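Spelled out from the first residue to the last, the chains are:
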Amino acid sequence: MNKTILVVVIISAVVFFMVRQMVYKPYMWKKAIQSEAHKLQLGSFIFSKQRGSNGSQSFENKYFVFKVIEINGDYVRLSVIRKLSEKGTFSQGDFSTTSADYKTLKGNITNLLITPIQQEDLYKGDGPRFEMNDYLLQQYPDLKKSRYYYEDIPEETKNKPLPTNAMELNMYFSLVYSKKEIIENQKLSPWIMNNSLKNEPEIADRLSEKIDLIVNK
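About the thresholds
- Residues numbered from 1 in each chain as written.
- Predicted model: local features only at pLDDT ≥ 70, side-chain atom pairs only at ≥ 80, totals over all residues.
- Heavy atoms only, no water.
- Salt bridge = Lys/Arg side-chain N within 4 Å of Asp/Glu carboxyl O.
- Patch = residues over 30% accessible without salt bridge, like charges linked within 9 Å, V, L, I, M, F, W, Y side chains within 5 Å.
- Areas by Shrake-Rupley, 256 points an atom, 1.4 Å probe, with all protein chains shown as cover.
- Lys, Arg positive; Asp, Glu negative; His and termini not counted.
- Charge placed at Lys NZ, Arg CZ, Asp CG, Glu CD.
- Helix = DSSP H or I, 4+ residues; strand = E, 2+ residues; numbered from the N terminus.
- Buried < 20%, exposed > 50% of the residue type's maximum accessible area, 1.4 Å probe, protein only.
- Pairing = 2+ DSSP bridges.
- Phe/Tyr/Trp six-rings, centres within 6.5 Å; stacked < 30°, edge-to-face > 60°.

What follows concerns the pattern of salt bridges. Any two side chains of opposite charge can pair, on the condition that their charged atoms come close. Per the counting criterion, the structure on display carries eleven salt bridges. The shortest N-O distance in the salt bridge between Lys-39 and Glu-36 comes to 3.1 Å. Ionic pairing is found between Glu-181 and Lys-187, a salt bridge with its closest N-O pair at 3.7 Å.

Here it is as structure tokens:
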């Protein structure tokens, strides 16, 4: 009798979990992404918890926060929210954040001062890249108040037709994801260049990562 009850409890738990994962969560996502606070748009912040290597043979959770800097048809370009190292204390890794910081950013990212920095400026000035320096402080005074930033691209390069040069195409699809997959399936599915003879862009579903949350100001 006890075994029968146990089996029923286990089956019920499995059914509940499956319904939650396959029905309830997708329903709540589609409901949320239609709201002003959580819909996908320019300037949206996207939170994603991903599984990645820890440098050995095992894996660990890595936490990323992205800013939407361009939407060109189905191409959604993201930039990672990062924090410049203080001058003389370079400590930049793979640009993921800690679990604690990730949780904190979820609650107050719309209140943070986050500076858009042009990519080429991060190579200028004295000291290592991704470290605070006098040049960056002069060009972006807001960094004195907050070291949070994201790499931006010039406005004149956004929403342009795809380049025709193969090398430029590969560079174009850096951190570019499918808008449809974000909205419909809660996934960051990257656009990549197909290595076949066609040399055409394709969505690499095998590289998809789950989205945790989208937040707007």
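This paragraph deals with a positive patch on the surface. The grouping of Lys-25, Lys-30, Lys-49 and Lys-210 at the surface amounts to a positive patch. With respect to the secondary-structure elements, Lys-49 resides in strand E1 (residues 45-53). According to the relative accessible area criterion, Lys-49 is partly exposed, its value standing at 45%.

So, on to the pairing of strand E2 (residues 59-72). Counting buried positions along E2 yields ten of 14 residues, so the element is predominantly enclosed. As paired strands, E2 and strand E3 (residues 75-80) are joined by six bridges and run antiparallel to one another. Note on E3: the bridge partner recorded for Asn-72 is Tyr-75. Between the end of E2 and the start of E3, which pair antiparallel, lie two residues, with Gly-73 showing a positive phi angle near 65°.

What follows covers the environment of Thr-89. Topologically, Thr-89 is positioned in the loop between strand E4 (82-83) and helix H2 (99-108). Considering only alpha carbons, one finds Thr-89 and Met-132, 43 residues apart in sequence, at a separation of 9.2 Å.

Glancing now at the packing of aromatic side chains. Counted by the stated rule, this structure contains eight aromatic pairs. Relative to Tyr-102, the ring of Phe-47 lies with its centre 5.6 Å away and its plane at 75°, an arrangement referred to as edge-to-face. Here the residue Phe-47 occupies a position in strand E1, and Tyr-102 occupies one in helix H2, the gap between them amounting to 55 residues. Residue Phe-47 is classed as buried on the basis of its relative accessible area, which comes to 0%. The class of Tyr-102 is buried, set by a relative accessible area of 4%. Taking 6.5 Å as the distance between ring centres and 25° as the angle between the ring planes, the aromatic pair formed by Phe-173 and Trp-191 counts as stacked. Separated by 18 residues along the polypeptide, Phe-173 in the loop between helix H4 (166-172) and strand E7 (176-178) and Trp-191 in strand E9 (residues 191-193) bring together distant segments of the chain. Each residue in the set Tyr-75, Tyr-172, Phe-173 and Trp-191 is aromatic and connected to the rest through ring pairs, giving one cluster.

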